[in-house]
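# A closer look at the structure
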Amino acid sequence: KKITVMGLGLLGRGVGDVAFLAECEAVLTVTDLKTKAQLKESLTKLKKYKNIKYVLGEHRLEDFRNPDMVLKAAGVPLDSIYIAEARKNKIPVEMSATLFAKLSDMPMIAVTGTRGKSTVTHLIAHILEKAGQKVALGGNVQGASNLQLLKQTKKGWASKGGIAVFELDSWQLQGFGESRISPQVSVFTTFFPDHMKYYSNDMKKYFEDKANIFKYH
C-alpha cells in the first residue's frame with residue numbers, strides 16, 4: 001500500500017508508527033513542516049528502512065492525491081488544504097489511535113479532559129496491571145506508538161484479557177468522530193478553555209471534538 005504520513009515529529013509516537021508501517025512493507029511518503037536538521041533524531045531512528053521517501057520543510061498537494069491512505073498526526077489544522085485534497089480524491093484519512101481501535105481486538109478504556117486525563121489514564125492502567133490484566137497503554141502518551149501496540153494483538157492479548165487504556169486529546173478524538181466510533185468505556189474528566197487558538201476561540205468546536213469519546217457508543 002502507498003501511505004502518506006503527515007507529521008513525523010520528535011516525541012517518538014510518529015517514529016514508532018512509521019517504523020510499524022515500514023515493517024509492514026508499505027511504500028511510505030513521510031512529510032513534515034520541520035526540516036531535516038530539526039528532525040535529525042527521528043530520522044536517525046528510521047535510517048534502516050529503505051521504503052520511506054521524505055518530504056521535509058513543506059507539504060505538497062501531490063502527496064495527498066493518490067496514496068491508498070493518509071495517516072495524519074494530531075494537531076493538523078482543521079482547515080488543512082492537504083487533508084481537503086485527500087478527501088476530494090476519496091483517499092481515506094486515518095489517525096493512529098483510531099486505526100488501533102479499528103484493527104485491534106482489545107476493548108478500549110479511554111480518558112479525555114482538559115485537565116487530569118494523564119493522571120487518570122495511568123491510574124486505571126496501574127490498577128488493571130496490579131489486578132493481573134495485560135494493558136496496552138497508548139494514545140496521548142509520550143513516546144508510545146499506537147500502531148506498535150498492534151503487535152500485542154498479534155500476541156493474542158485479547159484472548160488473555162488484554163485491555164487498551166488510552167489517553168485521548170481533542171485532536172486524536174477527531175479521528176474517532178470522522179470514523180463514527182467511540183471507545184467501549186469512556187472517561188471525561190474536566191472541561192475548561194484550552195487550545196483556543198486552534199479552535200478560533202470557539203468552545204463548541206473544542207467540545208465537539210472531545211464529545212467523540214462517547215458520541216458513538
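Summary of the structure given here. (Residues numbered from 1 in each chain as written. Predicted model: local features only at pLDDT ≥ 70, side-chain atom pairs only at ≥ 80, totals over all residues. Heavy atoms only, no water.)

Residues Leu21 and Leu28 are the most contacted members of the largest nonpolar core, which totals 36 residues. Of all the secondary structure elements, the ones that give two or more residues to this core are β1 (2–6), α1 (13–23), β2 (27–32), β4 (69–72), α4 (96–103), β6 (108–112), β8 (163–167) and α7 (170–179). Here Leu21 is in contact with Ile3, Val5, Ala26, Leu28, Leu71 and Leu147, once residues within four sequence places are set aside. Residues Met6, Val70, Ala86 and Ile91 belong to the second largest nonpolar core, which totals nine residues. (Core = buried A, V, L, I, M, F, W, Y, C linked by side-chain atoms within 4.5 Å. Buried < 20%, exposed > 50% of the residue type's maximum accessible area, 1.4 Å probe, protein only. Helix = DSSP H or I, 4+ residues; strand = E, 2+ residues; numbered from the N terminus. Contact = heavy atoms within 4.5 Å.)

Turning to the sheet that holds strand β7 (residues 135–139), a few remarks are in order. The strands making up a sheet associate through hydrogen bonds between their backbones, and the pairing can be parallel or antiparallel. As summarised here, the arrangement of the four strands in space is β7-β8-β6-β9, forming an open sheet in which the pairing is parallel. Unpaired on one side and paired on the other, β7 and β9 (185–188) mark the two borders of the sheet. In this sheet, adjacent strand axes meet at a mean angle of 15 degrees when their direction is disregarded. Pairing geometry for β6 and β9, over four bridges, is parallel. Residue pairing for β9: Val111 is matched across the bridge by Val187. (Pairing = 2+ DSSP bridges. Axes fitted to C-alpha atoms, helices over the stretch in contact; angles between N-to-C directions.)

What follows concerns the pattern of salt bridges. Applying the stated rule across the entire model yields 10 salt bridges. Here Glu23 ties to Lys151 by a salt bridge, and the two come within 3.1 Å at their closest N and O atoms. In this pair, Glu23 sits in helix α1 while Lys151 sits in helix α6 (residues 150–154), placing the two residues 128 residues apart along the sequence. According to the relative accessible area criterion, Lys151 is partly exposed, its value standing at 32%. Among the salt bridges present, the one from Glu41 reaches Lys45, with a minimum N-O distance of 3.9 Å. Pair noted here: Glu41 and Lys45 are both in helix α2 (residues 40–45), with a separation of four residues, about one helical turn. Through salt bridges with shared partners, a single network forms among Arg60, Glu62 and Asp63. (Salt bridge = Lys/Arg side-chain N within 4 Å of Asp/Glu carboxyl O.)

A few words now on the packing of α7 against helix α8 (residues 203–210). Between α7 and α8, whose axes approach to 7 Å, the crossing angle comes to 65 degrees. Residues Ser170, Leu173 and Gln174 of α7 form the contact with α8, whose own contacting residues are Tyr206, Asp209 and Lys210. The residue makeup of the contact of α7 with α8, split by class, is two nonpolar, two polar and two charged. (Nonpolar A, V, L, I, M, F, W, Y, C, P; charged D, E, K, R; others polar.)

With that settled, the discussion passes to unusual backbone geometry. Backbone phi values are negative for most residues with the exception of glycine, while trans is the configuration of most peptide bonds. Even without being glycine, Glu25 reaches a positive phi, approximately 70 degrees. By the element assignment, Glu25 lies in the loop between α1 and β2. Although it is not a glycine, Ser200 adopts a positive phi angle of roughly 55 degrees. For Ser200, the position within the fold is in the loop between β9 and α8.

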